[in-house]
Amino acid sequence: MNSNTKSRAANFVLGATVLVGLYFTSLDSYLLFHALAEMFSIVVAFGIFVIGWNSRSYIKNNYLLFLAIAYLFIALLDLLHTLSYKGMGIFSYQYYANQLWIATRYMESLSLLAAFLFVRERRRFNPQAVFAAFSAVTLLVIAAIFWWHVFPVCFVEGQGLTPFKKNSEYVISAILLLDIAILLSVRKEFDPAVHRWLVWSLVFTIASELAFTFYISNYGFSNLVGHYFKVFSFYLIYKALVSTGLTKPHAVLFKALQDSEAKFRALVESSMDIIWEENRQGEYTYVSPHVRAILGYEPEEMVGRPVADFLAPEDAARARRVFAAPGDVCPCLVNQESEFVHRDGRRVVLERHGMTIVDERGEVRGYRGVDRDVTERRRQERELRKLILAVEGNPGAIVITDPLGLVEYGNPAFCAMMGTGPAEFRGRTLPSLLEGVEDGAAFRGFGEAITSGRAWRGELHRSPANGDSRWLRLSVAPVTGGDGALLNHVATLEDVTDRKDFERLKESVDQIMRHDLKSPLSGIIAIPGLLLADGNLTEAQRSLLAALEEASRRMLRMVNNSLDLFKMEQGTFAYEPERVDALRVLRAVLGESASLARASAVEVRLSAAGLPASLDALPVMASEDLLHSIFANLLTNAIEASPAGGAVFVEVGGDGCRVSIRNRGAVPREIRGQFFQKYKTHGKKRGTGLGAYSAKLQADAMGLDLHLDIDDERDETLITITCPPAAA
């Protein structure tokens, strides 16, 4: 049996003993029984007043304060009722007690009813005024009964209760029923246990009133039962207001204060900010639990320590100086940003908002405030400032438009390009600003990109009426939100006039060089033919002259094809495939590369995997000169990248018309993703970064598949060229 069960059992035994004792007392002296029962209710009522009145300066439940005042005067009238009871011999008139009973019960039931006016009343009423009102009513009742004798008669000896007495008991019971109904409707305003005891107290009060409607003698059984019910009623009042008020005062006196404290504690503890209090010396007196998430400390670790202990050194020094300075108000760390040091050592920026705490004399005794973690916000602001500086200082023109294409922002370079200020171009479309554009189709593509929210890039030739003719490269990209909705367009404009001029110059130079090179090459090609006509040559000499003639012719073709590379870059190359023996081209390249391989101490091995032994050709659809250039560039790269004493493996065949070149030495990680880009090279003394680039450019022009594979474990590079087979 636990302690609560034992306590309940002991209380039950004690209560039963008291009730049985009262009953036996009534058998010996009903007058004594009546006095004991009434004195119990008087003591309880007076106790309610003592607790309520002495707590009036901080009690938050106006309902209970009103009842506390009322029960003092109920106790006074009940005391007069007890003293005037028949047989006490204090008053000559024997029936004052019945009149005082009815008057007291009216006061009790109506006071309980009137108290509900203050259940939800948040404004404080004047206790002294209520006390004065009850005093006046009580004096009027006493005067009406004892001096004026105008109070209706309630009991006639030998006849019993008068109609006024009986009807009054019924009216009082009805008022008490109304009290119960209202009390049930406002249960949220009370502690559950207090509310339950108050309801049952009213129930027993009603039972008591009904019992007093039947007795004929003041010493009769019905009178006895009525007083038992009254004892029960006041015992429950005692439990609700007196006992609980002494042992658990928060349930009666501080219910609203407790609810308010719980509400604000929940708000503080669930806040994502740090709620704090500091004393005048800058030492923490309270820190909310969320400090764990922001600074990594437990609140208990910070309480009692100065805030400077948790600040970054520069802020800590300033805090110590300010808190140590004399003065009534210390503004330090209030409404400003400070850098704190997290438990793990990283810096945390907190935005502090605080106020001073003053005592009743108006003297500052500390500070109270909120710290908000703005570290991420400050980081984002720094990043934003960097972006703004980058955009503002960018030499290229940058424009931001709304989803409809209306210009919202242009950086200084755009203003300089347009020759206007921001006020002149905001709210206008970019095409309306770029007057004199000759290529209408390009602008239509730009407009379609704006409408559909997609990226676009193109070049425009602009010839304004009052300016120089310029070439502009225009790029536009959409900016979308997290939900995919279009927010803005960002456009960049680059003046590429100089590049265009250079390209035209380059094309002219290339044409001149090709023209100037063709004449001496034609002479060189004619010399082997003339020498071969002489019959005094050995077979070896004839072979060398034939090789010279072939190399000269290939050089002439390469000069003629140099323009093709430029056209490939511009996307204007016209490709016409022909039937080519890839194996013959590859063998020719191997022969030309033999001297480079010997000089590099690298062995080149050719194998025809997967081809029939009788097949000595690999017919594909390609351009022989371009295919020769691809094989030569890739093989040269492989030889130059191989270590001395190594080998380059060239394999023909496999799945489809495929040629693979494998060598030791993996492509460095720094350039793997850019291996086929222009001018990308690493570690080669004579590397230009053009070999792999031109090979890729030519392969793409012919529709060949050029693929790079790296094997870091074996330290190897493998390049595969797959060609479309020629029809049989």
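Just so it is clear, the structure is predicted and the values come from calculations on it, not from any experiment. (Residues numbered from 1 in each chain as written. Predicted model: local features only at pLDDT ≥ 70, side-chain atom pairs only at ≥ 80, totals over all residues. Heavy atoms only, no water.)

## Details of the nonpolar core
Alright, step 1. Within the largest apolar cluster, 54 residues are counted, with the highest numbers of intra-cluster contacts made by Tyr-63, Tyr-71, Phe-134, Ile-145, Leu-183, Phe-190 and Leu-198.
Alright, step 2. Where this core is concerned, the elements lending two or more residues are helix H2 (30–54), helix H3 (62–83), helix H4 (96–115), helix H5 (127–147), helix H6 (163–185), helix H7 (192–211) and helix H8 (221–247).
Alright, step 3. For this core, the leading source of residues is H3, giving 15 residues.
Alright, step 4. Of all hydrophobic cores here, the second largest spans 44 residues; its members include Val-589, Leu-590, Ala-597 and Val-652. (Core = buried A, V, L, I, M, F, W, Y, C linked by side-chain atoms within 4.5 Å. Buried < 20%, exposed > 50% of the residue type's maximum accessible area, 1.4 Å probe, protein only. Helix = DSSP H or I, 4+ residues; strand = E, 2+ residues; numbered from the N terminus.)

## Let's talk about the sheet that holds strand S5 (residues 336–341)
Alright, step 1. If you walk across this open sheet you meet the five strands as S4-S3-S7-S6-S5, and the pairing is antiparallel. Pairing within the sheet leaves two strands with one partner each, and these edge strands are strand S4 (284–287) and S5. Strand-to-strand twist across the sheet, computed as the mean angle between neighbouring axes with direction ignored, equals 30°.
Alright, step 2. Bridge count between strand S3 (residues 274–279) and S4: three bridges; the pairing is antiparallel. Counted as the bridge partner of Trp-276 is Val-287 from S4.
Alright, step 3. Sitting on the sheet, helix H14 (residues 375–393) is in contact with S5, strand S6 (347–358) and strand S7 (364–373), with an inclination near 125° to S6. (Pairing = 2+ DSSP bridges. Axes fitted to C-alpha atoms, helices over the stretch in contact; angles between N-to-C directions. Contact = heavy atoms within 4.5 Å.)

## What to know about the pairing of strand S16 (residues 647–652)
Alright, step 1. Taken together, the five bridges between strand S14 (residues 603–607) and S16 define a ladder with parallel strand orientation. Considered in S16, the bridge of Arg-605 is made with Phe-649.
Alright, step 2. Sheet topology note: the S16/strand S17 (residues 657–664) ladder contains five bridges and is antiparallel. When the bridges of S17 are listed, Val-652 appears paired with Val-659.

## As for the sheet that holds S17
Alright, step 1. Taken together, five strands build an open sheet; the order of strands is S14-S16-S17-S19-S18 and the sheet is mixed. The sheet is open, and its two edges are formed by S14 and strand S18 (705–711), each paired on a single side. Strand-to-strand twist in this sheet, taken as the mean axis angle between neighbours without regard to direction, amounts to 15°.
Alright, step 2. The pairing of S17 with strand S19 (residues 716–723) spans eight bridges and is antiparallel.

## Describing the packing of aromatic side chains
Alright, step 1. Under the defined criterion, the tally for this structure stands at 12 aromatic pairs.
Alright, step 2. Considering the side-chain rings of Phe-49 and Phe-131, the 6.3 Å spacing of their centres and the 45° angle between planes classify their relative orientation as tilted. Pair noted here: Phe-49 is in helix H2 and Phe-131 is in helix H5, with a separation of 82 residues, a long-range link.
Alright, step 3. The buried category is assigned to Phe-49, whose relative accessible area is 11%.
Alright, step 4. On the basis of relative accessibility, which here comes to 28%, the residue Phe-131 falls in the partly exposed class.
Alright, step 5. A ring pair is formed by Tyr-284 and Phe-310, whose centres lie 6.1 Å apart and whose planes are at 55°; its orientation type is tilted. Taken together, the positions of Tyr-284 in strand S4 and Phe-310 in the loop between helix H12 (299–302) and helix H13 (313–324) put the pair 26 residues apart, joining distant regions of the chain. Each member of the pair, Tyr-284 together with Phe-310, is buried.
Alright, step 6. When the ring centre of Trp-101 is taken as origin, the NZ or CZ atom of Arg-105, which lies over that ring, is 4.4 Å away.
Alright, step 7. When the ring centre of Trp-276 is taken as reference, the NZ or CZ atom of Arg-352 above it lies at 4.3 Å. (Phe/Tyr/Trp six-rings, centres within 6.5 Å; stacked < 30°, edge-to-face > 60°. Lys NZ or Arg CZ within 6 Å of the ring centre and 35° of its normal.)

## Here's the deal with the pattern of salt bridges
Alright, step 1. In total, this model carries 29 salt bridges according to the counting rule given.
Alright, step 2. One salt bridge connects Glu-278 with Arg-352, and the closest N-O pair in it is separated by 3.2 Å. Highlighted residues: Glu-278 in strand S3 and Arg-352 in strand S6, separated in sequence by 74 residues. Taken as a pair, Glu-278 and Arg-352 share a single burial class, namely buried.
Alright, step 3. For Lys-696, the salt bridge is made with Asp-700, and the minimal N-O distance between the two is 3.5 Å. Placement of both Lys-696 and Asp-700 in helix H24 (residues 691–702) is noted, with a separation of four residues, approximately one turn of the helix.
Alright, step 4. Residues joined by salt bridges that share partners form a network here, namely Glu-337, Glu-351, Arg-377, Arg-378 and Glu-381. (Salt bridge = Lys/Arg side-chain N within 4 Å of Asp/Glu carboxyl O.)

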